[in-house]
Amino acid sequence: MTKIIAFVFLFAFITTIYSQQTIDNRQKNFAFIKPTDTPEQIITKVANVVPTKQQYEWQKLEFIAFAHFGMNTFTNNEWGAGKEDEKLFNPSSLDARQWARVYKKAGMKLAILTVKHHGGFCLWPSKYTEHSVKNSLWKNGKGDVVKEFVNACREYGLNVGLYLSPWDRNNPDYGDSPKYNEYFCNQLRELLTNYGEITEVWFDGANVEGPNGKKQVYDWQAYYKVIRELQPNAVIFGMAPDIRWVGTESGYGRETEWNVIPIDLSKLNETSAASMKNPLDKIYQPKDLMGDDLGGREKIKTANGLFWYPAETDVSIRPGWFYRASEDTVVKSPEKLVDIYFSSVGRNSVLLLNVPPDKRGLISDYDIKSLTGMKKILDKTFKNNLVVDAKIKSFGMKKVFAKNLLNNNTYWTTDSTKTDAELEFTLSGTKTFDVVMLQEEIRVGQRIEKFHLEYWDGKNWNNFVDGTTVGYKRLLHFQPVKTNRVKLVIEQSRSNPIFANFGLFKMPR
Ligand code: FUL
């Protein structure tokens, strides 16, 4: 009899309980906070801010390429002065298809080209300046690197991104604000009209002096308008409200990375914002966000608004952003790149890795070797998820079948008032692992604030790894653990935690 009761009791907790959930389509990527909101109401609001469709699609790319290429490749400079002779740009055997092949093979899903860096030299024959490929010796001035780049990306199934530096040290109107803003919008129009679908537009934050010390005042709102009109599915990075710079160029993101952070919404009308297409564009004031904690409880409690603003982690495979032969021997090793991957993709951000073509217009063998090594380690690591055939027991969680937005996905959650939970995995045998992967279903919000994992040693449960935020993806690497039972404990969440994916893996030695 006791056996039967125990069985029934256990069965009640077993995870095959499916319930249906329809996603609330009113959830937005921003929320107003009223002065009268209680701390609990603020927490409920922050837990229900969601990414836009474009932000979500971008986040899923995970690993993307940066191609710093241009005049600086030929002058060995990081920042061009803007006075370089166009004739210096002359790659001997440029092959953008080779770049796309290398990026694709490395597992990257999008590639961003520096079509104009701070020196102002344009990789496409812009009709608004003479400082471009059209006055170079390359292809007798008839070439267009942007065109070759986008065609190659499309051929290899990569999304396309364009880096257009607002700071321009060549343009004589720089610092004469309205005139330069018009020039910049014209360039945006050229790029966003003539090269098909663009997934990311990259706006660098550098803004130094114009000629005679004049300071350029950028008309960001006008720039956003051009982009939204011509490429409504693109996200804008950096000096814009879609994607945020993680705050370093080291490749290492924050351990605690919140996608929802404060924004000043005092200049926006709550009622009209609800029906506007990109309301944040109207009021967003670009700035770099570099603190350790951007969206923790302390940060949000005094905010008048919140918005979904995910991080992108940019880093170069070499010490510099542009190719220099002198750096061939200091290209980051495969192991270092894997560590960076774990500390960026694995910390709820997208990794933007710069792999710059050289003077020939090709990616060098040094970079290819490191990238290939990195991919090999990642492929071997993530090949076998040791929990796929595990038996799952849940304590306070249930498996939910969600329709509509989630395209008939399933996920785990608690009821809406319960913010802690446990899942226990009995593996199909004793396994050794040293990597864990966790994913939240961010389409309904980012919620988990604290979790840990335990393993069973035959007598006791032992804590072996812990963390704070999860978000889109959290990867943790630790000393190998050997066991047949593992427990995931969600200690604290901002609302019912919604858990999309779990994995245990073993990294090759
Ligand atoms: C910085 C620029 O100044 C660097 O040259 C590089 O392009 C990097 C990605 O962004 O702000």
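Residues numbered from 1 in each chain as written. Predicted model: local features only at pLDDT ≥ 70, side-chain atom pairs only at ≥ 80, totals over all residues. Heavy atoms only, no water.

Some points on the pairing of strand 17 (residues 448–456)
The test is simple: Strands are treated as partners if at least two bridges between them are detected by DSSP. Starting at the N terminus, helices and strands are each numbered in turn, a helix being any DSSP run of H or I of at least four residues and a strand any DSSP run of E of at least two.
Alignment of strand 17 against strand 19 (residues 474–493), held across 7 bridges, turns out to be antiparallel. By the bridge assignment, Lys450 is partnered in strand 19 with Gln492. Both strand 17 and strand 18 (residues 461–467) contribute to a ladder of 6 bridges, which runs antiparallel. Paired with Trp456 across the two strands is Trp461, which belongs to strand 18.

Describing the domain arrangement of the protein chain
Defined as follows: A domain assignment, automatic or from a database, supplies the domain bounds used here. In this analysis, two residues are considered to be in contact whenever any of their non-hydrogen atoms come within 4.5 Å of each other. Here the quantity called buried area is the accessible surface, traced with a 1.4 Å probe, that two parts lose on coming together, added over both. Salt bridge, as used here, is a side-chain nitrogen of Lys or Arg placed within 4 Å of a carboxyl oxygen of Asp or Glu. Nitrogen and oxygen atoms within 3.5 Å of one another constitute a polar contact, given that in protein one can donate a hydrogen and the other can accept it, and given that sequence-neighbouring residues count only through two side-chain atoms. Residues are grouped as follows: Ala, Val, Leu, Ile, Met, Phe, Trp, Tyr, Cys and Pro are nonpolar; Asp, Glu, Lys and Arg are charged; every other residue, Gly included, is polar.
Considered domain by domain, the protein chain is made up of domain 1 (3–26 + 385–505) and domain 2 (56–238). Contacts between domain 1 and domain 2 engage 5 residues on the former and 4 residues on the latter. Approximately 440 Å² of surface area, both sides summed, lies buried where domain 1 meets domain 2, with 61% of it carried by carbon and sulfur atoms. Looking at the side of domain 1 facing domain 2, the largest losses of area belong to Ile442, Arg443 and Tyr472, adding up to 86% of the total buried there. A salt bridge links Glu62 to Lys473; the shortest N-O distance between them is 3.0 Å. On inspection of domain 1 and its partner domain 2, the count reaches 3 residue pairs in polar contact (both at pLDDT 80 or more). Taken together, the residues that form the side of domain 1 that touches domain 2 break down as 2 nonpolar, no polar and 3 charged.

Points about unusual backbone geometry
What is expected of a backbone is that most residues other than glycine have negative phi and most peptide bonds are trans. Just so we agree on the cut-off: Here's how the labels work: a residue is buried when its accessible area is under 20% of the maximum for its type, exposed when over 50%, partly exposed in between, all with a 1.4 Å probe on protein chains only.
Even without being glycine, Asn140 reaches a positive phi, approximately 55°. Considering the arrangement of structural elements, one finds Asn140 in the loop between strand 4 (110–116) and helix 6 (145–155). Phi is positive for Asn348, which is not a glycine, with a value near 60°. Counting through the fold element by element, Asn348 comes out in the loop between helix 12 (334–342) and strand 12 (349–354). Residue class for Asn348 comes out buried when judged on its relative accessible area of 1%.

Things to note about the side chain of Arg494
When you line up the elements, Arg494 lands in the loop between strand 19 and strand 20 (498–505). Separated by 3.1 Å, the side chains of Arg494 and Glu449 make a polar contact. If sequence neighbours within four positions are ignored, Arg494 has contacts with Ile43, Val46, Ala47, Trp258, Gly295, Gly296, Arg297, Ile300, Thr419, Gln446, Arg447 and Glu449.

Describing the packing of aromatic side chains
This is how the line gets drawn: Working definition: rings of Phe, Tyr and Trp (its six-membered ring) pair if their centres are within 6.5 Å, and the pair is stacked with planes under 30 degrees apart, edge-to-face with planes over 60 apart, and tilted otherwise. Over a ring means this: the NZ of a Lys or the CZ of an Arg is within 6 Å of the ring centre and within 35 degrees of the ring normal.
The final tally for this structure, using the stated rule, is 39 aromatic pairs. The interplanar angle of 50° and the centroid separation of 5.7 Å between the aromatic rings of Phe184 and Phe203 together place this pair among those described as tilted. Here the residue Phe184 occupies a position in helix 7 (residues 177–194), and Phe203 occupies one in strand 6 (residues 200–203), the gap between them amounting to 19 residues. Note on accessibility: Phe184 and Phe203 belong to one class, buried. Clustering of aromatic rings is evident, with ring pairs tying together Tyr174, Tyr180, Tyr183, Phe184, Phe203, Tyr218, Trp220 and Tyr223. The ring of Trp456 has Arg485 sitting right over it, with the charged end atom 4.8 Å from the ring centre.

A closer look at the site of the ligand
Threshold: Only heavy atoms are used to decide nearness, and a residue is near a molecule or strand if one of them lies within 4 Å of it. Areas reported as accessible are Shrake-Rupley estimates using a 1.4 Å probe. Residue values count occlusion only from the protein chains shown.
Close contacts around the ligand come from Phe66, His68, Trp79, His117, His118, Tyr163, Trp202, Asp204, Glu249, Asp314 and Trp321, and that covers them all. His118 is positioned with one of its side-chain polar atoms (N or O) 2.8 Å from an oxygen atom of the ligand. The contact in question runs from an oxygen atom of the ligand to an N or O atom on the side chain of Tyr163, over 3.1 Å. Alone, the ligand offers 290 Å² of accessible surface; in the complex the protein occludes 89% of this. Residues belonging to the shell around the ligand are distributed by class as follows: 5 nonpolar, 3 polar and 3 charged.

As for the packing of helix 12 against helix 13 (residues 365–382)
This is how it is decided: Orientation is described by lines fitted to C-alpha atoms, with helices fitted over the stretch in contact, and by angles between N-to-C directions that extend from 0 to 180 degrees. Roughly parallel means an angle under 35 degrees; roughly antiparallel, over 145; roughly perpendicular, 65 to 115; everything else is oblique. Less than a right angle of anticlockwise turn of the near helix away from the far helix marks a crossing as left-handed, whereas a clockwise turn marks it as right-handed.
Running from N to C, helix 12 and helix 13 point in directions that differ by 55°, and their axes come no closer than 8 Å. Between helix 12 and helix 13, the angle falls in the class oblique. Note that helix 12 runs across helix 13; the crossing there is right-handed. Along its contact with helix 12, which presents Pro334, Glu335, Leu337, Val338, Tyr341 and Phe342, the element helix 13 presents Ser370, Leu371, Gly373, Met374, Ile377, Leu378 and Phe382. Class assignment for the residues of the contact of helix 12 with helix 13 results in 10 nonpolar, 2 polar and 1 charged.

Focus: the sheet that holds strand 8 (residues 244–245)
On the basis of which strands lie adjacent, the open sheet formed by 8 strands has the order 7-6-5-4-3-12-11-8 and parallel pairing. Both outer strands of the open sheet, strand 7 (235–238) and strand 8, are each paired with one neighbouring strand and no more. In this sheet, strand 11 (residues 311–316) lies alongside strand 8 in parallel orientation, the contact comprising 2 bridges. In the strand pairing of strand 11, Arg244 is matched with Ala311.

Brief notes about the sheet that holds strand 2 (residues 30–32)
In a beta sheet, neighbouring strands pair by backbone hydrogen bonds and run either parallel or antiparallel. A sheet is described by the order of its strands in space; here 3 strands give the open sequence 2-10-9, paired in antiparallel fashion. Each end of this open sheet is capped by a strand with a single partner; those strands are strand 2 and strand 9 (260–262). Sheet twist, expressed as the average angle between the axes of neighbouring strands with direction ignored, equals 20°. Alignment of strand 9 against strand 10 (residues 305–308), held across 3 bridges, turns out to be antiparallel.

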